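Listed below are the residues making up each chain.
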Amino acid sequence: MDGLVASLAGSGVLSVSNGTISNINPDGLAAFLGVPMQDGKAPDETSVQTLIDQSVFTGSMPFDSVTAAWTATSGKLRLPSFRATSGSTAVEAEAEADVAAQTVTINGRVIYDAGKQALAGAETVVPFTVSRNAFETAVTSDAQPMTQFLVQRALEAEQERVAAMQAALSDK
């Protein structure tokens, strides 16, 4: 049987219409935009990770269509990259399934379009990895990009506050 699995090979195109990605909240950015600054400081990475877990990896994200090429060699199926969008939110990912090992790994990013809240040098992105074997699924994410966004946002708010104070003092 191992020889049969190891000999699996081929390629094709995967097309999905009117699909849904579970555990991705297309409106998750709102939770980050509502984070209050405490003493002019952004939350730390641990707090941001908690917010990610509570607001990004919940609900479901509908999408119109996804088309992705796939290849299979040596018993491994690979989707090099695909992108699904829902309004101003996108999920970009790549996936690999190892049939013999009964594992699936997905590396991706949830990308939120911040619109008018966008900041130069800071992305509203949550990188993630989903690892699945025959017994369990594990999801990990990187809070650093969203932490950077919140730090940059706090810095710009503080700069605006200082500029307003300086303007008030110069008017006297």
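Source: prediction; values computed, not measured.

**A short note on the side chain of Thr147**
For step 1, the next point in the chain: For Thr147, the position within the fold is in helix H4 (residues 144-170).
For step 2, the next point in the chain: Dropping the residues within four chain positions of it, Thr147 is found in contact with Pro43, Glu45 and Val48.

**Quick word on the pairing of strand E3 (residues 76-86)**
For step 1, the next point in the chain: Of the strand pairs in this sheet, strand E2 (residues 60-73) and E3 are connected by three bridges, and their pairing is antiparallel. For Thr73, the partnering residue across the bridge sits in E3 and is Lys76.
For step 2, the next point in the chain: Here E3 pairs with strand E4 (residues 89-98) via nine bridges, running antiparallel. Note that in E4 the partner of Phe82 across the bridge is Ala93.
For step 3, the next point in the chain: Counting the residues between successive antiparallel strands, the hairpin from E3 to E4 contains two residues, one of them, Gly87, with a positive phi of roughly 60 degrees.

**Things to note about the sheet that holds E4**
For step 1, the next point in the chain: The seven strands are arranged E1-E2-E3-E4-E5-E6-E7 in an open sheet whose pairing can be described as antiparallel. In this open sheet, the two strands that pair with only one neighbour each are strand E1 (10-22) and strand E7 (137-141). On average, adjacent strands in this sheet sit at an angle of 15 degrees to one another, irrespective of strand direction.

**Let's talk about the environment of Trp70**
For step 1, the next point in the chain: Following the sequence through the fold, Trp70 ends up in strand E2.
For step 2, the next point in the chain: Trp70 gets classed as partly exposed once you look at its relative accessible area, which sits at 26%.

**Considerations on the nonpolar core**
For step 1, the next point in the chain: Counting residues in each nonpolar core, the largest one holds 32 residues, and the members touching the most others are Phe32, Ile52, Val56 and Val110.
For step 2, the next point in the chain: Considering each element in turn, this core owes the most residues, four residues, to E2.

**Notes on unusual backbone geometry**
For step 1, the next point in the chain: Notably, Asn18 is not glycine yet its phi reads approximately 50 degrees, a positive angle.
For step 2, the next point in the chain: In this fold, Asn18 is placed in strand E1.
For step 3, the next point in the chain: Backbone geometry at Asn23 places phi at a positive 65 degrees, although glycine is not the residue there.
For step 4, the next point in the chain: Within the secondary structure, Asn23 sits in the loop between E1 and helix H2 (29-33).

**Let's talk about the pattern of salt bridges**
Pairing between side chains becomes possible if they bear opposite charge and their charged atoms approach one another.
For step 1, the next point in the chain: Going through the model one piece at a time under the given rule, you end up with four salt bridges.
For step 2, the next point in the chain: Salt-bridge contacts for Arg78 lead to Glu96; the nearest nitrogen and oxygen are separated by 3.0 Å. Taken as a pair, Arg78 in strand E3 and Glu96 in strand E4 lie far apart in primary sequence, 18 residues in all.
For step 3, the next point in the chain: A relative accessible area of 30% means that Glu96 is categorised as partly exposed.
For step 4, the next point in the chain: The salt bridge involving Arg109 is made with Glu92; its shortest N-O contact spans 3.6 Å. Taken together, the positions of Arg109 in strand E5 (residues 103-112) and Glu92 in strand E4 put the pair 17 residues apart, joining distant regions of the chain.
For step 5, the next point in the chain: Owing to a relative accessible area of 31%, Arg109 belongs among the partly exposed residues under this scheme.
For step 6, the next point in the chain: In the salt-bridge network here, residues are joined through shared partners; they are Arg83, Glu92 and Arg109.

**Some words on the packing of aromatic side chains**
For step 1, the next point in the chain: For the structure shown, the criterion picks out one aromatic pair.
For step 2, the next point in the chain: Arranged with centres 6.1 Å apart and planes meeting at 75 degrees, the rings of Phe57 and Phe128 form a pair that is edge-to-face. Pair noted here: Phe57 is in the loop between helix H3 (45-55) and E2 and Phe128 is in strand E6 (residues 125-132), with a separation of 71 residues, a long-range link.
For step 3, the next point in the chain: On the accessibility criterion, Phe128 (8% relative accessible area) is buried.

About the cut-offs
Residues numbered from 1 in each chain as written. Predicted model: local features only at pLDDT ≥ 70, side-chain atom pairs only at ≥ 80, totals over all residues. Heavy atoms only, no water. Helix = DSSP H or I, 4+ residues; strand = E, 2+ residues; numbered from the N terminus. Contact = heavy atoms within 4.5 Å. Pairing = 2+ DSSP bridges. Axes fitted to C-alpha atoms, helices over the stretch in contact; angles between N-to-C directions. Buried < 20%, exposed > 50% of the residue type's maximum accessible area, 1.4 Å probe, protein only. Core = buried A, V, L, I, M, F, W, Y, C linked by side-chain atoms within 4.5 Å. Salt bridge = Lys/Arg side-chain N within 4 Å of Asp/Glu carboxyl O. Phe/Tyr/Trp six-rings, centres within 6.5 Å; stacked < 30°, edge-to-face > 60°.

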